[in-house]
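# Secondary and tertiary structure notes
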Amino acid sequence: MKYNKMFFLILLFVSFSAFSQRQMENLDRGLVAIKQKDGVVVSWRVLGTDTDDLAFNLYRKSNDAKPIRLNEKPISGATFFIDKTAKGNETNEWFVKTIEKGKEQDSKGSFVIIANSESKNYVSLPLKKIEGYAPNDVSVGDLTGDGRYELIVHMTGKGHDNSHKGLTDPLIFHAYTLEGKLLWEINLGKNIREGAHYTQFMVYDLDGDGIAEMVCKTADGGIDGEGNSIGDASKDYRDLDEKSPTYGKILKGPEYLTVFDGRTGKAVSTVDYIPERGDLRGWGGFGGNGHSDNTGNRADRFTACVAYLDGVHPSVVMCRGYYGRTVLAACDFKNGKLKSRWVFDSKDGKNPYSGQGNHGLSVADVDNDGKDEIIFGAMVVDDNGKGLFTTGLRHGDALHVSDLDLDNPGLEVFGVHELEDGTKGLGAALYDAKTGKILFSGSPNQDVGRGVADNIVADKKGAQLWWSGSKGLFDTKGNRLGDAPRAANFVIYWDGDTSREILNSNYIDKYGKGRLFTAEGASSNNGTKSTPALSADIWGDWREELILRSSDNSELRIYTTTIPTDVRQYTLMHDPQYRLSIAWQNVGYNQPPHTSFYMGYGMEKAPKPNIVLVKKKN
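Quick summary incoming for the structure in this document. Since the structure is predicted, the reported quantities are computational estimates derived from the model, not experimental observations.

## Details of the side chain of Ser 550
- For Ser 550, the location among the structural elements is in strand E43 (residues 545-550).
- In this view, Ser 550 contacts Gly 521, Ala 522, Glu 555 and Arg 557; residues no more than four positions away in its chain are not counted.

## Some points on helix H2 (residues 576-584)
- The buried fraction of H2 amounts to 9 of the 9 residues, a majority that puts the element mostly inside the structure.
- Regarding H2, the residues found buried are Pro 576, Gln 577, Tyr 578, Arg 579, Leu 580, Ser 581, Ile 582, Ala 583 and Trp 584.

## Here's the deal with the pairing of strand E12 (residues 150-156)
- With 7 of 7 residues buried, E12 lies mostly within the body of the structure.
- Burial of the side chains of E12 extends over both faces: Glu 150, Ile 152, His 154 and Thr 156 are buried on one face and Leu 151, Val 153 and Met 155 on the other.
- Pairing analysis gives 6 bridges linking strand E11 (residues 134-141) to E12, with the strands arranged antiparallel. Across the sheet, the residue bridging to Ala 134 is Thr 156, located in E12.
- Sheet analysis places E12 next to strand E13 (residues 172-176), joined by 5 bridges and oriented antiparallel. Counted as the bridge partner of Met 155 is Ile 172 from E13.

## Section: the sheet that holds strand E38 (residues 501-504)
- The antiparallel open sheet is built from 4 strands, whose spatial order is E37-E38-E39-E40. The sheet is open, and its two borders are formed by strand E37 (490-492) and strand E40 (514-518), each paired with just one other strand. Adjacent strand axes in the sheet meet at a mean angle of 35°, parallel and antiparallel pairs treated alike.
- One ladder, built from 3 bridges, connects E38 with strand E39 (residues 507-510); its direction is antiparallel. By the bridge assignment for E39, Leu 503 is matched with Ile 508.

Parameters and conventions
Residues numbered from 1 in each chain as written. Predicted model: local features only at pLDDT ≥ 70, side-chain atom pairs only at ≥ 80, totals over all residues. Heavy atoms only, no water. Helix = DSSP H or I, 4+ residues; strand = E, 2+ residues; numbered from the N terminus. Contact = heavy atoms within 4.5 Å. Buried < 20%, exposed > 50% of the residue type's maximum accessible area, 1.4 Å probe, protein only. Pairing = 2+ DSSP bridges. Axes fitted to C-alpha atoms, helices over the stretch in contact; angles between N-to-C directions.

This is the structure we're talking about:
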């Protein structure tokens, strides 16, 4: 009897692990129409929950006339169509209907976004002007529960790196619909410093009500989207002594973590920030840049992510420190309240996890147990908040996680490492995401700043790797395939095949073929990092949109590819690892998103995501 009960419990656990589904956004079809000289390019989403045999009919409604079907046969392949019969003097709207078991059904999301003039493949989003400010990082989430994304824009004024002193401007967030309506404004106030390493904002539906929240570090004096003050608005904790080595920094006073309602920007839950700054000298470690300081340079290095730590519900993870002491604090948001889940703390410099962090991070299920781990540079933290392993390669600036080596089971991690102050080690390394085993390495004992891993060669399987100083493009076995691309910052799915293109600044290149696209009049962010405001699959078919600011900072431009494709692929936003990549893309030194499966030349059919779509709760 005892053994039967134990067997039942084991079977129950296995069944839960096998069949538990991650909560995911209930997106509409995201149909977009882009006017071109030879017609109108129309594309739309396949959802991760769609059946493989789902087909579509595409319609156009012109003026007040009856809608006409544009396709002769049901569209069962790529969700991409060029309408060559639309007339420029008509008011047109396109929509799709699904065909299931031979019967046509209405498909959620007939509204269409249309680029506003011919031969432009971008949608303009005019911004509310703030003198001295420019749009920087962008994130997306369904803030209204209608199945469409809204944009959350980090507006930046004067900022400073942690290693610099000086006053900064308050950090401001704006939320916009895709039609350009401003939903709310949040001002974090004078007690939050502006800079790439300070405020990381997570946008996600954390409580499963079908509406995304925003969560970030806050302090006294912030103003939420309804004009309410966070904490004590009279407090000013900045060091205002111009002769002080910490002039302009905020190294005292309370620190908070706040969840904001996506619809209104209202602060709905505020708790003490974990971990508190404590002793400023307590954030050091061993080797390289691990030494301590009393100026807040190491204590105020922040990162963040969202992860499915129980395999079903998303949790927010706020992180502090990476040169020495590193702390990750996971919280759940339920019933309108934030609650601590676990805290990982590398503590002092004697801990093997000290100094192994990164200027960014990634989230993936590295051990295939249905729950996420946090890949933080040279170390991995398990879903339960315990250290899984560390490679000992120290912190770095770039990080990529996916199925990169097709001969190695599971996922791999590629990163570059800063070997500062005489530190010895590997400048670039590919390692097994489950065990930390080094699979390939390069640039020994060199300080490497940038690096990328993805499939960019359109006739070779697996990922290719390159990094600053690599002197070539390599496969995962170390074979040199050719010259390295000039840029090592971002990649994007842009043309019609499943290999990725090279995104840098305001242009896109195809490896071996040259320039595909230049966004004239638009600019990237973050200096030499040349990163977009956001790159993500936010509408249309599976390929990614590129969001850049106009060079005069008056608008955001959302660029969509118009290159034909015959590839049918469900929206990348329904692959949980990719979706979480979009949430953390704004963190630190922005990195491109990656899927949980190999996507590239010679890929197998993408596995169906184990997700359940969450509908808006009234």
